[in-house]
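Next come the chains, spelled out residue by residue.
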Amino acid sequence: MLELRDIDAGYGPTSILHGVSLTVEAGEVVTIVGGNGAGKTTTLRTIAGLIKPTKGAILFEGEDITGLAAHEVVDLGITLIPEGRQLFPDMTVRENLLMGAYRKGARASQKQTLEEVLDLFPRVRERSEQQASSLSGGEQQMVAIARGMMAKPKLLMFDEPSLGLAPIIVSQVFDVIARIKATGATVLIVEQNVFHTLKAAHRGYVLENGEVVLSDRADALLTNDHIRQAYLGI
């Protein structure tokens, strides 16, 4: 479904990604793991059209989407749930969710999708008429995920979904990702919490200093000596 071929990208004169190549097949959950500054978020922002690559190609469903504007990427069915949630704080939860259905391919079925999403997130349903700013961090993260699903994406991308959350809430977030996985959705996750994200994924890529240094099945990466020493402290 998604393929990155030898991507270089960065910010102005600063190069962050160096020859990054990866694939995500339909129905897969794939994760990109690595430390701070490895280039994980830059990779997602490049896929989403927020950063233009200086080299390489991005293909989605066989079509070259390299250099498309962000709104064009969204219209193709790629949705990014950003780091830090980025809700509209003065709007209600329901209003935030409906903003997620702005994509042309999602508008016609937004009422049905809203009910499906609220069934998946009972806590979000309970809070649907509250202002987003009144929610806890964990509840806001659930709303951010639900808003992303309102777009009916073909590919759902998560940027650090566990960032800043208490351990018990982190477990709840990954429970939700497991439920999304069970629906057969295609998901790409960037995450520092290596253990949780590899447990949730089918395959993983390890990014260090802007380069892919390792890729394998998620279960194999969990037992890899480099991963265990560098990221799991074992």
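Residues numbered from 1 in each chain as written. Predicted model: local features only at pLDDT ≥ 70, side-chain atom pairs only at ≥ 80, totals over all residues. Heavy atoms only, no water.

S.K.: I'm lost on the overall build of the protein in this one. Help?
M.R.: Counting its regular elements, the protein contains 11 helices and 10 strands. Relative to the globule expectation of 17 Å for 234 residues, the C-alpha radius of gyration of the protein, 17 Å, shows essentially globular dimensions. Dimensions of the protein along its principal axes, counting C-alpha atoms only, are 45 × 40 × 30 Å. Buried positions account for 48% of the 234 residues belonging to the protein. (Helix = DSSP H or I, 4+ residues; strand = E, 2+ residues; numbered from the N terminus. Rg over C-alpha atoms; globule rule 2.2 N^0.38 Å. Buried < 20%, exposed > 50% of the residue type's maximum accessible area, 1.4 Å probe, protein only.)

S.K.: Any chance you could explain the nonpolar core here in plain terms?
M.R.: The nonpolar side chains of a soluble globular protein tend to be buried, and buried together. One finds L97, F121, V124, I145, M149, F158 and I180 to be the most contacted residues of the largest nonpolar core, which totals 43 residues. Membership of the second largest hydrophobic core comes to 26 residues, among which are A48, I78, L155 and V190. (Core = buried A, V, L, I, M, F, W, Y, C linked by side-chain atoms within 4.5 Å.)

S.K.: So what exactly am I meant to see when it comes to the packing of helix α7 (residues 137-150) against helix α8 (residues 167-182) here?
M.R.: Pairs of packed helices are described in terms of their axes, by the angle between the two and the distance that separates them. Here α7 crosses α8 at 20°, and the two axes come no closer than 10 Å. On the basis of the axis angle, α7 is roughly parallel to α8. With respect to the hand of their crossing, α7 and α8 are arranged in right-handed fashion. Where α7 approaches α8, its residues G138, Q141, M142, I145 and M149 are matched on the opposing element by I169, Q172, V173, V176 and I180. Taken together, the residues that form the contact of α7 with α8 break down as seven nonpolar, three polar and no charged. (Axes fitted to C-alpha atoms, helices over the stretch in contact; angles between N-to-C directions. Parallel < 35°, antiparallel > 145°, perpendicular 65-115°, else oblique. Left-handed = near helix turned anticlockwise from the far one by under 90°. Contact = heavy atoms within 4.5 Å. Nonpolar A, V, L, I, M, F, W, Y, C, P; charged D, E, K, R; others polar.)

S.K.: Looking at this structure, how should I read the sheet that holds strand β3 (residues 29-33)?
M.R.: Hydrogen bonds between backbone atoms are what pair the strands of a sheet, whose relative direction is either parallel or antiparallel. With mixed pairing, the six strands of this open sheet are ordered in space as β6-β7-β8-β3-β9-β10. Edge positions in the open sheet fall to β6 (78-81) and β10 (211-217), since each of these has one partner strand only. Pairwise comparison of adjacent strand axes, ignoring direction, gives a mean angle of 15° for this sheet. As paired strands, β6 and strand β7 (residues 155-159) are joined by four bridges and run parallel to one another. (Pairing = 2+ DSSP bridges.)

S.K.: Any chance you could explain the pairing of strand β8 (residues 187-191) here in plain terms?
M.R.: With respect to burial, β8 is a largely interior element, five of its five residues being buried. What you see with β8 is no split at all: V187, I189 and E191 on one side and L188 and V190 on the other are buried throughout. Alignment of β7 against β8, held across four bridges, turns out to be parallel. Among the inter-strand pairings, F158 is bridged to a residue of β8, identified as I189. For the crossover that starts at β7, traverses α8 and ends in the parallel β8, the hand is right-handed. (Right-handed = clockwise from strand over helix to strand, strands pointing away.)

S.K.: Explain the pattern of salt bridges here, please?
M.R.: Any two side chains of opposite charge can pair, given that their charged atoms come close. In this structure the tally under the stated criterion is 12 salt bridges. Among the ionic pairs, R123 bridges to E126, the shortest N-O distance being 3.3 Å. Here R123 pairs with E126, and both are found in helix α6 (residues 122-126), just three residues apart, close to one helical turn. The class for E126 is exposed, based on a relative accessible area of 53%. One salt bridge connects R217 with D219, and the closest N-O pair in it is separated by 3.0 Å. Taking the relative accessible area as the measure of exposure, R217 reaches 46% and is therefore partly exposed. On the accessibility criterion, D219 (47% relative accessible area) is partly exposed. One connected set of salt bridges, linked through shared partners, spans R123, E126, R127 and E139. (Salt bridge = Lys/Arg side-chain N within 4 Å of Asp/Glu carboxyl O.)

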